[in-house]
Amino acid sequence: MAHTHDGIDWPARLAAMRRADEVNAQANGAVAERLVGLVGDAPTVVDIGPGAGGMSAALATALQTRGGGRLVLVDAVPELLEAAGAHVGQVLGDAEGKVEVSSVRVDAASDELAELLPEVDLVWASRVVHHLPDQQKGIEGLVRVLGPGGWLALAEGGLPGRYLPWDLGVGEPGLGARISAAHVAWFADMRAGMAGVTRLPVGWNRALTDAGLAEVTSFSYLVDLPPPATELVQQSVVDWLSWTAAMTAERLSAADQVAVARLLDPIDPAYVGARDDVFILGASTVHLGRKISG
Ligand SMILES: C[S@@+](CC[C@H](N)C(=O)[O-])C[C@H]1O[C@@H](n2cnc3c(N)ncnc32)[C@H](O)[C@@H]1O
């Protein structure tokens, strides 16, 4: 397994991340157009920690629509870099020539980052900075790769996703809320367990300002796939529950663990993968800042 600071087996998450990209495709398209609209012609855009490449593909499509540019994918995990690159190639198809796509395998926390990347007009870093031990230092590293006037777009926070009805008829009502609370505790432990971890005792707007960025703002967007659930939503809910259940098992009561096992059992009538009353409702926040000086 490639080294990241969080000890997470990222390649094992690829199938679920691909499905999440499908769920988020429309929202990603709108966000990518908005961000690429901030920068000039033929820009260089970097996607830090692209996962399965859903947003990378949206950024590539936005670049293609605006006449072309350069897209660099950056990840510490080779399997994800390869998957994201292949997905972008598939989406661009024959238009690939207009958008130059390349990949760099490096730890986003590394001091080498700026040496390995060209001068960048837009850095997109979604849900990756919180996997770095020193988030402020990580942001400062991302700022260093920006050219004058370049933008950093950091997707962090928002609202935790909601997936389950309040009363599933299995276990006690409110299971989804208890799993979300356990997930928050897991996240705190995940961060606390990183070597060299440093707290970020401010909100993201302050972190971007402290890193020297100007014009700091944020916007949030909803991902709303209401019931009745499609097969994609059902499978994504299975992905979410499997992942959070694995992360939070020992933090749930024995009764909740039994309920979760039933909800994840394809031959149980309560299986979430066959229910039409599950859904996806979440909000993500993008924090933006601009490098004014060189
Ligand atoms: C939670 S996923 C986010 C995927 C995608 N950006 C999204 O928002 O859906 C985290 C991604 O960051 C990568 N990653 C984790 N730690 C990293 C590090 N230290 N340096 C570079 N990439 C890292 C993982 O391999 C994965 O692709």
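All figures in this text were calculated on a predicted structure; none of them were measured in a lab. (Residues numbered from 1 in each chain as written. Predicted model: local features only at pLDDT ≥ 70, side-chain atom pairs only at ≥ 80, totals over all residues.)

## Concerning the overall build of the protein
Part 1 of the argument: A count of helical and extended segments in the protein gives nine helices and seven strands.
Part 2 of the argument: Computed over the C-alpha atoms, the radius of gyration of the protein is 20 Å, within 12% of the 19 Å expected from 2.2 N^0.38 for a compact globule of 294 residues.
Part 3 of the argument: Looking at the protein as a whole, 41% of its 294 residues are labelled buried.
Part 4 of the argument: Excluding contacts between residues fewer than 6 apart, the proportion of contacts in the protein whose partners are at least 24 apart in sequence is 81%. (Helix = DSSP H or I, 4+ residues; strand = E, 2+ residues; numbered from the N terminus. Rg over C-alpha atoms; globule rule 2.2 N^0.38 Å. Buried ≥ 20, exposed ≤ 12 C-beta atoms within 10 Å, placed from the backbone. Contact = placed C-beta atoms within 7 Å.)

## Notes on unusual backbone geometry
Part 1 of the argument: Put simply, P227 and P228 share a cis peptide bond, and its omega is 5°.
Part 2 of the argument: On the secondary structure map, P228 appears in the loop between β6 (214–225) and α8 (231–248).
Part 3 of the argument: Residues other than glycine seldom take positive phi values, yet A42 does so here, at roughly 45°.
Part 4 of the argument: With respect to the helices, strands and loops of the structure, A42 is situated in the loop between α1 (14–36) and β1 (44–48).

## Brief notes about α8
Part 1 of the argument: Its 18 residues give α8 an end-to-end C-alpha distance of 25 Å, which sits within 8% of 26 Å, the value for a rise of 1.5 Å per residue.
Part 2 of the argument: Of the surrounding secondary structure, the elements contacted by the buried residues of α8 are α1, β5 (146–162), α6 (175–192), β6, α9 (254–263) and β7 (280–290). (Expected span 1.5 Å × (residues − 1).)

## Some words on the site of the ligand
Part 1 of the argument: Near the ligand, the surroundings consist of 19 residues, among which G49, G51, A76, A108 and S126 are the closest.
Part 2 of the argument: Counted by class, the shell around the ligand contains 10 nonpolar, six polar and three charged residues. (Near = placed C-beta within 6 Å. Nonpolar A, V, L, I, M, F, W, Y, C, P; charged D, E, K, R; others polar.)

## A word on the packing of helix α2 (residues 54–65) against helix α3 (residues 78–92)
Part 1 of the argument: α3 packs onto α2 with a crossing angle of 35° between their chain directions and a minimal axis gap of 9 Å. The handedness of the crossing between α2 and α3 is right-handed. Here α2 contributes S56, A57, A60, T61 and Q64 to the contact with α3, which in turn contributes A84, H87, V88, V91 and L92.
Part 2 of the argument: Of the residues assigned to the contact of α2 with α3, the class counts are six nonpolar, four polar and no charged. (Axes fitted to C-alpha atoms, helices over the stretch in contact; angles between N-to-C directions. Left-handed = near helix turned anticlockwise from the far one by under 90°.)

## Focus: α2
Part 1 of the argument: In this model α2 runs 17 Å from its N-terminal to its C-terminal C-alpha over 12 residues, within 8% of the 16 Å that 1.5 Å per residue would give.
Part 2 of the argument: Burial in α2 covers these residues: G54, M55, S56, A57, A58, L59, A60, T61, A62, L63 and Q64.

## Some details on the sheet that holds strand β3 (residues 99–105)
Part 1 of the argument: The seven strands are arranged β3-β2-β1-β4-β5-β7-β6 in an open sheet whose pairing can be described as mixed. Looking at strand neighbours, the two that pair on one side only are β3 and β6, the edges of this open sheet. With direction set aside, neighbouring strand axes in the sheet form an average angle of 20°.
Part 2 of the argument: Bridging between β1 and strand β4 (residues 120–126) involves four bridges; their strand directions are parallel. In the sheet register, V46 faces β4, and the bridge partner there is V123. (Pairing = 2+ DSSP bridges.)

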